[in-house]
Amino acid sequence: MIGWLQGERIQAWEQGGRHGLVIACAGVGYEVQLTRRDQTSLSGDSCTLWIHQVHREDGSHLYGFPLQMDRDLFRTLIGVNGVGPQVALSLLDSCTAAVLVTAIIEGDLKRLTQAQGVGKRTAERIAVELRDRLGAWAPSSEEPALSLVDRSDIQALPIHPESLQELQLTLETLGYEDLEIRRAMRAVASATECPAANDPEGWLRASLRWLSQSA
């Protein structure tokens, strides 16, 4: 059973909406499927991935993740009835593992159904079956919250909760990570000309300006 690979990145591939890399290790090229986001973020000649291997009648399939937490969460997701590897990858591609865990624990069906191929019934099943199992993944009181912006941040930001959620989803879709988004929103909130609380487009423009300047 292959659990980890380190080697040379040979080729990126895409087939039928699936994405991955070919990694050369000790003279053997391993074809590994990844989320679109991970395929895009991995750069350079060398590559290290945590692997989940699935054996089927048509051969062996490898699914790769830069972080062990992502690999472990993937394994937890495919343990849910009706959730296969492609649905699990779609969930991990729609948001970071930390945000996904929070959505499952809180039963945020809107967040879960943002993933391609995840309907309401599947989202409900995931939330019901994994809510308690993933409770141990939640942060302690001394650790930063897993959610993108915790409740204290929401109360502090001069923006309506509905507009905040819309802003979060849009920036995630554009490929920005949790920490980047959180910093951007705090910077916009502290700016002299802060957008109105009910102006998600204004917050989006201001956040993108800050993100482009800080890159």
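Reading the values: the criteria
- Residues numbered from 1 in each chain as written.
- Predicted model: local features only at pLDDT ≥ 70, side-chain atom pairs only at ≥ 80, totals over all residues.
- Heavy atoms only, no water.
- 1 Å grid on protein atoms, 1.4 Å probe; cavity = no way out; pocket = protein on both sides within 12 Å on 5 of 7 lines; lining within 4 Å.
- Points joined across faces, edges and corners; volume = space filled by probe spheres on them.
- Helix = DSSP H or I, 4+ residues; strand = E, 2+ residues; numbered from the N terminus.
- Nonpolar A, V, L, I, M, F, W, Y, C, P; charged D, E, K, R; others polar.
- pLDDT = per-residue confidence, 0-100.
- Contact = heavy atoms within 4.5 Å.
- Pairing = 2+ DSSP bridges.
- Axes fitted to C-alpha atoms, helices over the stretch in contact; angles between N-to-C directions.

1. Here's the deal with the layout of surface pockets
In this model, the largest pocket occupies a volume close to 980 Å³. What lines the largest pocket is a set of 35 residues, and nearest its centre among them are Thr-35, Arg-36, Ser-90, Asp-93 and Ser-94. For the lining of the largest pocket, the secondary-structure elements that each account for two or more residues are strand E2 (18–25), strand E3 (28–34), helix H1 (36–41), helix H2 (68–77), helix H3 (85–94), helix H4 (97–106) and helix H8 (161–173). If one sorts the elements of the lining of the largest pocket by residue count, H3 sits on top with six residues. Of the residues assigned to the lining of the largest pocket, the class counts are 12 nonpolar, 14 polar and nine charged.

2. Remarks on the confidence of the model for the protein
Looking at the protein as a whole, the pLDDT averages 82, with 88% of positions reaching at least 70. Here helix H7 (residues 151–156) stands out as the element of the protein with the lowest mean pLDDT, 45, in contrast to E3, whose mean of 95 is the highest. A low-confidence stretch, residues 140–155 (pLDDT under 50), is modelled with 29 contacts involving residues beyond four sequence positions or located in other chains.

3. Description of the sheet that holds strand E1 (residues 4–15)
The five strands are arranged E1-E2-E3-E5-E4 in a closed barrel whose pairing can be described as mixed. The mean inter-strand angle of the sheet, taken between neighbouring strand axes irrespective of direction, is 50 degrees. Here E1 pairs with strand E4 (residues 46–56) via five bridges, running antiparallel. Note that in E4 the partner of Leu-5 across the bridge is Leu-49. Sitting on the sheet, H2 is in contact with E4 and strand E5 (59–65), with an inclination near 15 degrees to E4. Here H3 sits on the sheet and contacts E2, E3, E4 and E5; the angle it forms with E5, its principal contact strand, is near 15 degrees.

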